[in-house]
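# Architecture at a glance
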Amino acid sequence: MIDTHCHLQDKQYDGDREQTIARAYDAGLTAMVLVGCDLEDSRRAIEIAKHFSLSASAGIHPHEAKNAPENLTPDFGPLLIERCVVAIGETGLDYYYDHSPREAQARVLRAQLRLARERGLPVIFHQRDAFDDFVAILREEFVPGEMRGVVHCFTGNAEQARTLVGDFDLRLGIGGVVTFSKADALRAAVRAVGIENVVLETDCPYLAPMPMRGRRNEPAYLRHTADKLAEVLAIGFEEIVATTDRNAYTLFGV
Ligand SMILES: [Zn+2]
Ligand SMILES: [Zn+2]
């Protein structure tokens, strides 16, 4: 079982990071990707990933786009050649919070897409309330077949899921939200594209699945999300894990 999106570099784990990772292995996790949200955070994710033999990504979250340099290569270039770095991101558009001007979000997303293409790295996307603009940028900058990526914390509907998978061959990162009682549209979206297009994630410390909802999330809780997917798709837990593991391996090499 692979957690393709976690933030174990977060300060919330400073007191018990080693124990948290031990609990993850006890729960059946075999790999974890620590996702970076800006330059400093990416450096920290890489440092911790190296220390614990985990994987990491380097990128600029749309929230942080306003502080991004014009040219990303001088800062990010050296990070992307680290052995533990398996992807660029998280990058994308977030119009729900609008913590950065939309033009800045778009500029930094395009820059990361070009860097990903140049380096042959997959992309971890974050998209919230910006689906149409996000897809428009993908149509210009993302080359399916040549490039790979995942839309993390996917919470859209079946039509959006079909567009992302069908038009761009992207994978959907499914996390704790799929266990929430009001997430019927998301569960329908997962049924629409099937487990062969899904990877598992916690996005911890955020979005703990039921029955842990409201607590600090951690990779060990991924099991609850996999359980829910087994129920939603009416297939066995082992098949959920085997298929999503294979998808994560194809995407990131982890
Ligand atoms: Zn995100
Ligand atoms: Zn995240």
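Use the structure listed above.
Heads up: these notes are all about the structure in this document. Fair warning: this is a prediction, and the values are worked out from it, not measured in the lab. (Residues numbered from 1 in each chain as written. Chains lettered and ligands numbered in written order. Predicted model: local features only at pLDDT ≥ 70, side-chain atom pairs only at ≥ 80, totals over all residues. Heavy atoms only, no water.)

Right, let's get into the coordination of the zinc ion (ligand 2). Summarising the metal site, the zinc ion (ligand 2) is bound by the protein donors His5 (NE2), His7 (NE2), Glu90 (OE) and Asp203 (OD), whose distances to it range over 2.1 to 2.5 Å. Given four donor atoms and angles of 85 to 176 degrees at the metal, the environment of the zinc ion (ligand 2) is assigned as irregular. Considered as a linear motif, the donors of the zinc ion (ligand 2) on their single chain read H-x1-H-x82-E-x112-D. A spacing of 3.4 Å is found between the zinc ion (ligand 2) and the zinc ion (ligand 1), which share glutamate 90 as a donor. (Donors = N, O, S within 2.8 Å, 3.2 Å for Na, K, Ca; no water. Tetrahedral: all angles 85-135°; square planar, octahedral: opposite > 155°, others 65-115°.)

Donor atoms from the polypeptide that coordinate the zinc ion (ligand 1) comprise Glu90 (OE), His126 (ND1) and His152 (NE2), at 2.0 to 2.1 Å from the metal. Donor residues for the zinc ion (ligand 1) sit on one chain with the sequence pattern E-x35-H-x25-H.

Our focus in this paragraph is unusual backbone geometry. Following glycine 89, the chain continues into glutamate 90 via a peptide bond in cis, with omega recorded as 15 degrees. Looking at the element boundaries, glutamate 90 is found in strand β4 (residues 85-94). Cis peptide bonds are those with omega within 30 degrees of zero, and the linkage from cysteine 204 to proline 205 qualifies with 15 degrees. For proline 205, the location among the structural elements is in the loop between β8 (198-200) and α8 (222-233). Its identity is not glycine, yet aspartate 98 carries a phi of approximately 50 degrees, on the positive side. Relative to the elements of secondary structure, aspartate 98 occurs in the loop between β4 and α4 (102-119). The exposure class assigned to aspartate 98 is partly exposed, which follows from its relative accessible area of 33%. (Helix = DSSP H or I, 4+ residues; strand = E, 2+ residues; numbered from the N terminus. Buried < 20%, exposed > 50% of the residue type's maximum accessible area, 1.4 Å probe, protein only.)

For phenylalanine 154, the position within the fold is in the loop between β6 (149-151) and α6 (158-168). Residues phenylalanine 154 and glutamate 140, 14 residues apart in the sequence, show an inter-C-alpha distance of 21 Å. Contact partners of phenylalanine 154, with chain neighbours within four places excluded, come to Gln160, Ala161, Leu164, Leu172, Gly173, Ile174, Leu186 and Ala189. (Contact = heavy atoms within 4.5 Å.)

Now for the sheet that holds strand β7 (residues 171-174). The eight strands lie next to each other as β1-β2-β3-β4-β5-β6-β7-β8, forming an open sheet whose pairing is parallel. Each end of this open sheet is capped by a strand with a single partner; those strands are β1 (2-6) and β8. Within the sheet, the average angular offset between the axes of one strand and its neighbour, ignoring direction, is 30 degrees. Here strand β5 (residues 123-128) runs beside β6; their pairing, made up of three bridges, is parallel. From the neighbouring strand, isoleucine 124 faces β6, where its bridge partner is valine 150. The sheet strands contacting helix α2 (residues 39-52) are β2 (31-34), β3 (55-58) and β4, and the helix crosses β3 at an angle near 165 degrees. (Pairing = 2+ DSSP bridges. Axes fitted to C-alpha atoms, helices over the stretch in contact; angles between N-to-C directions.)

On to the pairing of β5, then. In terms of burial, β5 is a largely internal element, five of the six residues being buried. Relative to β5, β4 is paired through six bridges, and the arrangement is parallel. What sits directly across from aspartate 94, in β5, is arginine 128. Between the parallel pair β4 and β5, the chain is carried across by α4, and the sense of this crossover is right-handed. One crossover worth recording links β5 to the parallel β6 by way of helix α5 (residues 131-141), and it is right-handed. (Right-handed = clockwise from strand over helix to strand, strands pointing away.)

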